[in-house]
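An overview of the molecular structure
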Amino acid sequence: MSTLVQPATSQIGSVDAQRVEDALSLIAPKWTTWSAQTLAQQGGPMRVRDVAARLLFISEQLVGKRLTQMHADGLVTRAGDRHGAPYQLSGFGNSLSSVHRALSDWSQAHLPLGKVAGAERVEDAVRRRLHLRHSTAVIQVLDAGGPTRFVHIAEEAGLDNGFTRQRLNRLQLDGLVTRTGPRHGDPYVLTDAGRALGPVYAAVERWSNPVATPRPAATPVAAATRTHTGIPLGSDGIRTAAALRRSTAAPSSLFSHAPQPHPRVPAAVTARSAPSRGR
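Thresholds, definitions, all that
- Residues numbered from 1 in each chain as written.
- Predicted model: local features only at pLDDT ≥ 70, side-chain atom pairs only at ≥ 80, totals over all residues.
- Heavy atoms only, no water.
- Helix = DSSP H or I, 4+ residues; strand = E, 2+ residues; numbered from the N terminus.
- Buried < 20%, exposed > 50% of the residue type's maximum accessible area, 1.4 Å probe, protein only.
- Contact = heavy atoms within 4.5 Å.
- Core = buried A, V, L, I, M, F, W, Y, C linked by side-chain atoms within 4.5 Å.
- Phe/Tyr/Trp six-rings, centres within 6.5 Å; stacked < 30°, edge-to-face > 60°.
- Lys NZ or Arg CZ within 6 Å of the ring centre and 35° of its normal.
- Axes fitted to C-alpha atoms, helices over the stretch in contact; angles between N-to-C directions.
- Left-handed = near helix turned anticlockwise from the far one by under 90°.
- Nonpolar A, V, L, I, M, F, W, Y, C, P; charged D, E, K, R; others polar.
- Polar contact = N/O pair within 3.5 Å; in protein donor to acceptor, adjacent residues only side chain to side chain.
- Parallel < 35°, antiparallel > 145°, perpendicular 65-115°, else oblique.
- pLDDT = per-residue confidence, 0-100.

**A closer look at the overall build of the protein**
- Secondary structure summary: the protein contains 13 helices and four strands in total.
- Among the 279 residues that make up the protein, the fraction classed as buried is 47%.
- Of all intrachain contacts in the protein linking residues separated by at least 6 positions in sequence, the fraction that spans at least 24 positions is 70%.

Rendered as structure tokens:
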């Protein structure tokens with residue numbers, strides 16, 4: 001049986017998984033990308049009400065909360081502490097453009113979202129797929145070794161079986177991981193979308209490296225399900241998606257390059273042909 005040779009350009013295994021996930025968690029909260037790109041378009045200070053006026057599908061109160069958190073995370077600066085003081089992107093926030101571009105390009109190539117604004121495409125990729133704690137470690141194991149059985153994924157990623165199962169189920173739902181067959185115990189492999197994450201991870205790591213931020217103490221794996229759980233796409237998310245497609249206020253592009261129409265990704269995923277590890 002032939003073995004698929006991993007491309008030499010793969011950058012998944014070389015990244016610092018915790019650094020990548022910590023960085024992605026800063027831009028994962030809903031409306032962070034929209035707010036950052038609105039400030040980037042303005043190119044100067046904006047008051048909360050002015051940002052909200054550009055984003056008519058978000059309440060002014062929610063915009064204010066998001067900018068407050070972005071300020072705490074170092075993505076924006078503020079001209080004083082007085083009420084109504086304007087915000088603008090910090091150097092750290094301005095440098096997000098490379099991450100946004102990488103996420104948008106990956107999403108256009110691999111996620112069947114149809115025609116949506118660039119900022120929404122980025123937020124969908126991060127919130128629902130990439131920033132969950134230990135997802136990167138699982139993806140790195142599969143990228144390094146090809147088809148791998150569940151028990152070996154848990155062992156090599158250093159995770160307990162219950163958490164590994166939970167993470168693999170989520171990654172399957174998100175289209176990044178699949179199984180080579182229907183039987184219990186069949187190995188897992190990365191999908192095309194999962195294998196293509198290298199440039200995204202590399203862009204995120206490059207963005208985060210210049211900023212020395214304190215890292216929290218390691219979370220015990222047994223408790224990991226309570227941290228970085230992400231934001232579920234509930235009824236509010238569904239209404240938001242509908243509003244973004246209807247609203248003329250939603251920019252068609254919040255990037256220097258406009259999203260282009262692209263063919264829908266087929267639902268079927270072709271598994272890689274490679275010998276599985278473990279018995």
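There is more to say, and it comes next.
**Focus: the nonpolar core**
- Residues Leu 103, Trp 106, Leu 197 and Trp 207 are the most contacted members of the largest nonpolar core, which totals 62 residues.
- Apart from residues no more than four positions distant in its own chain, Trp 207 is found in contact with Ala 23, Leu 26, Ile 27, Leu 75, Phe 92, Ser 95, Leu 96 and Val 99.

**Some thoughts on the environment of Arg 179**
- Mapped onto the fold, Arg 179 is located in strand 3 (residues 177–179).
- Taking the C-alpha atoms as reference, Arg 179 lies 9.2 Å from Arg 149; in sequence the two are 30 residues apart.
- Those residues in contact with Arg 179, other than ones at most four positions away along the chain, are Gln 172, His 184, Gly 185, Asp 186, Pro 187 and Tyr 188.

**Quick notes on the packing of aromatic side chains**
- Counted according to the given criterion, the structure contains three aromatic pairs.
- Relative to Phe 57, the ring of Trp 31 has its centre 5.8 Å away and its plane inclined at 40°; by these criteria the two rings are tilted. Placement of the pair is Trp 31 in the loop between helix 1 (17–27) and helix 2 (32–42) and Phe 57 in the loop between helix 3 (48–54) and helix 4 (60–72), with a sequence separation of 26 residues. Each member of the pair, Trp 31 together with Phe 57, is buried.
- Relative to Trp 207, the ring of Phe 92 has its centre 4.3 Å away and its plane inclined at 10°; by these criteria the two rings are stacked. One end of the pair, Phe 92, is in helix 5 (residues 91–94); the other, Trp 207, is in helix 12 (residues 198–208), and 115 residues separate them in sequence.
- The class for Trp 207 is buried, based on a relative accessible area of 4%.
- If you follow Lys 30 out to its NZ or CZ, it ends over the ring of Trp 31, 4.6 Å from the centre.
- Seen from the ring of Phe 150, Arg 165 lies directly overhead, with NZ or CZ sitting 3.8 Å from the centre.

**Structural notes on the packing of helix 8 (residues 135–145) against helix 9 (residues 150–157)**
- Running from amino to carboxyl end, helix 8 crosses helix 9 at an angle of 115°, the nearest separation of the two axes being 9 Å. Between helix 8 and helix 9 the crossing geometry is right-handed. Across the interface between the two elements, Ala 137, Val 138, Val 141 and Leu 142 of helix 8 pack against Ile 153, Glu 156 and Ala 157 of helix 9.
- Taken together, the residues that form the contact of helix 8 with helix 9 break down as six nonpolar, no polar and one charged.

**Remarks on the side chain of Ser 90**
- Turning to its location among the elements, Ser 90 is positioned in the loop between strand 2 (87–89) and helix 5.
- Ser 90 sits in the buried class, given a relative accessible area of 10%.
- Within the structure, Ser 90 has its side chain in polar contact with the backbone nitrogen of Gly 93 (distance 3.1 Å).
- Here Ser 90 is in contact with Gly 74, Leu 75, Val 76 and Thr 77, once residues within four sequence places are set aside.

**A few points about the packing of helix 2 against helix 4**
- In the contact formed by helix 2 and helix 4, the axes pass within 10 Å of each other and the chain directions differ by 80°. Judged by the angle between their axes, helix 2 and helix 4 are roughly perpendicular. Each of Thr 32, Ser 35, Ala 36 and Leu 39 in helix 2 lies in contact with helix 4, whose residues at this interface are Arg 66, Leu 67 and Met 70.
- The class makeup of the residues in the contact of helix 2 with helix 4 is four nonpolar, two polar and one charged.

**What to know about the environment of Val 151**
- Structurally, the position occupied by Val 151 is in helix 9.
- Residue Val 151 is classed as partly exposed on the basis of its relative accessible area, which comes to 45%.
- Residues Val 151 and Thr 164, spaced 13 residues apart in sequence, show a C-alpha to C-alpha distance of 8.8 Å.

**Details of the confidence of the model for the protein**
- Residues of the protein with pLDDT of at least 70 account for 71%, and the chain-wide mean is 76.
- Segment residues 1–9 is flagged for pLDDT under 50; beyond a separation of four residues in sequence, or across chains, it makes 14 contacts in the model.
- Considering only residues more than four positions removed or in separate chains, one finds that residues 211–279, a stretch of pLDDT under 50, has 122 contacts.

**Topic: unusual backbone geometry**
- In this model, Trp 31 sits at a positive phi of 80°, which is unusual for a non-glycine residue.
- Classification of Trp 31 as buried rests on a relative accessible area of 7%.
- Although it is not a glycine, His 134 sits at a positive phi angle of roughly 75°.
- One can find His 134 in the loop between helix 7 (118–130) and helix 8.
- Relative accessible area serves as the criterion here: at 18%, His 134 is assigned to the buried category.

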